[in-house]
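Coordinates in review
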Amino acid sequence: MTVNKIMVHADYNKWHRMGSDIALLQLHRHVEFSSHILSACLQEPTTSLAPDSSCWISGWGMVTEDVFLPEPFQLQEAEVGVMENSVCGSFFQPQYPGQPSSSDYTIHEDMLCAGDLVTGKSICRVSGGGLRPREEVETPGVPSSAR
């Protein structure tokens, strides 16, 4: 399936990547939904998720903080736990406190923090080899043909 148009969030700034990091892909033609092709649902902005709940992350970005996703650029996914923004923010302390820098990251209230502090899985990094290609992710009780 080829992409007709990529719509990047109007507030996304590639030099400060922490916010509004989302895009929509318009395909060249309509698709038939099936067990392998489903729509993605976004929650209302006021939705609050419990810190002990889990969610799935996916994308074609960095495999680790220093490694780009290699060709053939296969979609990656991982299951991670939701965490309090204050906990997440503690991992993004300014390099030089009191001296703001463009490389400093800030966690805002409109952001959702998720990761696994035990395994290292996160949006940026998964220890032990990175995010796995979609078909390699194990889903308990669900055969790989149904994912």
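Residues numbered from 1 in each chain as written. Predicted model: local features only at pLDDT ≥ 70, side-chain atom pairs only at ≥ 80, totals over all residues. Heavy atoms only, no water.

Where an unreviewed UniProt entry is consulted, the protein appears under the name Peptidase S1 domain-containing protein, with the organism given as Colobus angolensis palliatus.

**Concerning the nonpolar core**
Judged by nonpolar contacts, Cys55, Ile57, Ala78, Val80, Val82 and Ala114 together constitute the single largest core of six residues. For this core, the secondary structure elements donating two or more residues are strand E3 (54-59) and strand E4 (76-83). In terms of residue count, the dominant contributor to this core is E4 (three residues). (Core = buried A, V, L, I, M, F, W, Y, C linked by side-chain atoms within 4.5 Å. Buried < 20%, exposed > 50% of the residue type's maximum accessible area, 1.4 Å probe, protein only. Helix = DSSP H or I, 4+ residues; strand = E, 2+ residues; numbered from the N terminus.)

**Things to note about the environment of Val31**
With respect to the helices and strands, Val31 occurs in the loop between strand E2 (23-27) and E3. In the structure, Val31 is positioned 30 residues away from Met1 in sequence and 8.9 Å away in space, judged by C-alpha atoms. Discounting chain neighbours no more than four positions away, the residues touching Val31 are Met1 and Ile37. (Contact = heavy atoms within 4.5 Å.)

**Brief notes about the environment of Tyr105**
Tracing the backbone through its elements, the reader meets Tyr105 in the loop between helix H1 (85-89) and strand E5 (113-115). For the pair Tyr105 and Gly19, spaced 86 residues apart in sequence, the C-alpha to C-alpha distance is 9.4 Å.

**Side note on the side chain of Gln76**
Within the secondary structure, Gln76 sits in strand E4. Among the polar contacts made by the side chain of Gln76, one reaches the main-chain carbonyl oxygen of Gln74 at a distance of 2.7 Å. (Polar contact = N/O pair within 3.5 Å; in protein donor to acceptor, adjacent residues only side chain to side chain.)

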